[in-house]
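If you want the building blocks of each chain, they are given just below.
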Amino acid sequence: MPLFREETFGPVAAVIRARNAEDAIKLANDSEFGLGGNLWTGNIDRGRALARHIESGGVFINGMTTSDPRLPFGGVKHSGYGRELSIFGIREFVNIQTVWIGPAVRAQQTSAPSE
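The text that follows walks through the structure, step by step, so that each part is easy to find. What you see is a predicted model, and the numbers here were worked out from it, not measured in a lab. (Residues numbered from 1 in each chain as written. Predicted model: local features only at pLDDT ≥ 70, side-chain atom pairs only at ≥ 80, totals over all residues. Heavy atoms only, no water.)

**Notes on the overall build of the protein chain**
For the record, the criterion: Here a helix means four or more residues in a row that DSSP labels H or I, a strand means two or more in a row labelled E, and each is numbered from the N terminus. Using C-alpha atoms as the atom set, the radius of gyration is obtained and then compared with a globule rule of 2.2 Å times the number of residues to the power 0.38. Residue burial is assigned from relative accessible area. The probe radius is 1.4 Å, only protein chains are included, and a residue is buried under 20% of its type maximum, exposed over 50%, and partly exposed in between. Throughout, a contact is declared for two residues whenever any of their heavy atoms are within 4.5 Å.
On a plain count of helices and strands, the protein chain comes out with four helices and four strands. Shown N-terminal to C-terminal, the secondary structure of the protein chain runs as helices and strands in the order α-α-β-β-α-β-β-α. Relative to its length of 115 residues, the protein chain is extended, with a C-alpha radius of gyration of 25 Å against a globular reference of 13 Å. Its C-alpha atoms put the protein chain at 95 × 30 × 30 Å along the principal axes. Counting only residues that meet the buried cut, the protein chain has 19% of its 115 residues in that class. Within the protein chain, contacts between residues separated by at least 24 positions form 31% of all contacts whose residues are at least 6 apart in sequence.

**Details of helix α2 (residues 21-29)**
Test applied: Comment: arc refers to directions from the helix axis out to C-beta atoms.
Every buried residue of α2 is accounted for by Asp23, Ile25 and Asn29. The arc enclosing the buried residues of α2, seen along the axis, measures out at 160 degrees, which places them on a common side. Contacts from the buried residues of α2 go to α3 (44-51) and β4 (76-77).

**Concerning the pattern of salt bridges**
Put simply, the rule reads: Salt bridges are counted wherever a side-chain nitrogen of Lys or Arg sits within 4 Å of a carboxyl oxygen of Asp or Glu.
As enumerated under the stated definition, the model contains four salt bridges in all. Residue arginine 19 is joined to aspartate 23 by a salt bridge in which the shortest nitrogen-to-oxygen separation is 3.6 Å. Owing to a relative accessible area of 71%, arginine 19 belongs among the exposed residues under this scheme. Using a relative accessible area of 9% as the deciding quantity, one classes aspartate 23 as buried.

**A short note on the pairing of strand β3 (residues 58-61)**
Inclusion rule: In short, DSSP must find at least two bridges between two strands for them to pair.
Burial of the side chains of β3 is restricted to one face: Gly58 and Phe60 are buried, whereas none of Val59 and Ile61 on the reverse face is. Pairing of strand β2 (residues 36-39) with β3 involves four bridges; the strand directions are parallel. Bridging across to β3, glycine 37 finds its partner in valine 59.

**Observations concerning the side chain of serine 86**
Formally: N or O atoms within 3.5 Å of each other form a polar contact, as long as, within protein, one can give a hydrogen and the other can take it, and as long as residues adjacent in sequence are counted only when both atoms are side-chain atoms.
Its place among the elements puts serine 86 in helix α4 (residues 86-90). Judged by relative accessible area, which is 14%, serine 86 ranks as buried. Engagement of the side chain of serine 86 in a polar contact is seen with the backbone nitrogen of phenylalanine 88, the distance being 3.2 Å.

**Some details on the environment of glycine 80**
In this structure, glycine 80 sits in the loop between β4 and α4. For the pair glycine 80 and glutamate 55, spaced 25 residues apart in the sequence, the C-alpha separation amounts to 13 Å.

**Let's talk about the side chain of serine 79**
Residue position: serine 79 is located in the loop between β4 and α4. Taking the relative accessible area as the measure of exposure, serine 79 reaches 15% and is therefore buried. There is a polar contact of 3.4 Å between the side chain of serine 79 and the backbone nitrogen of leucine 35. Beyond its immediate chain neighbours, meaning those up to four positions away, serine 79 contacts Glu7, Phe33, Gly34 and Leu35.

What follows is the structure, given as structure tokens:
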């Protein structure tokens, strides 16, 4: 179903039944996109462990995808590069100047040395 493979912004959802946690991770990662994912579980420790395997800019355990100025927000794959918000995002708006100086060059003699 196209809805399952696209980066869709609600209020819609594709519901696919996974055989187990490994299959659920495989299904979640089988996309060109990776902005945000949601994981619902009664076992928070297991949720944290599973979230590490999901290829997404953010994984929200027992909650909907959202942004908060205190947290970095952005995607991976075709959902973007880099982050906005938080200390990570503010650096995207800073212009840093680089000044590079090469090895010192000795002054060359222009006349014969005096005797």
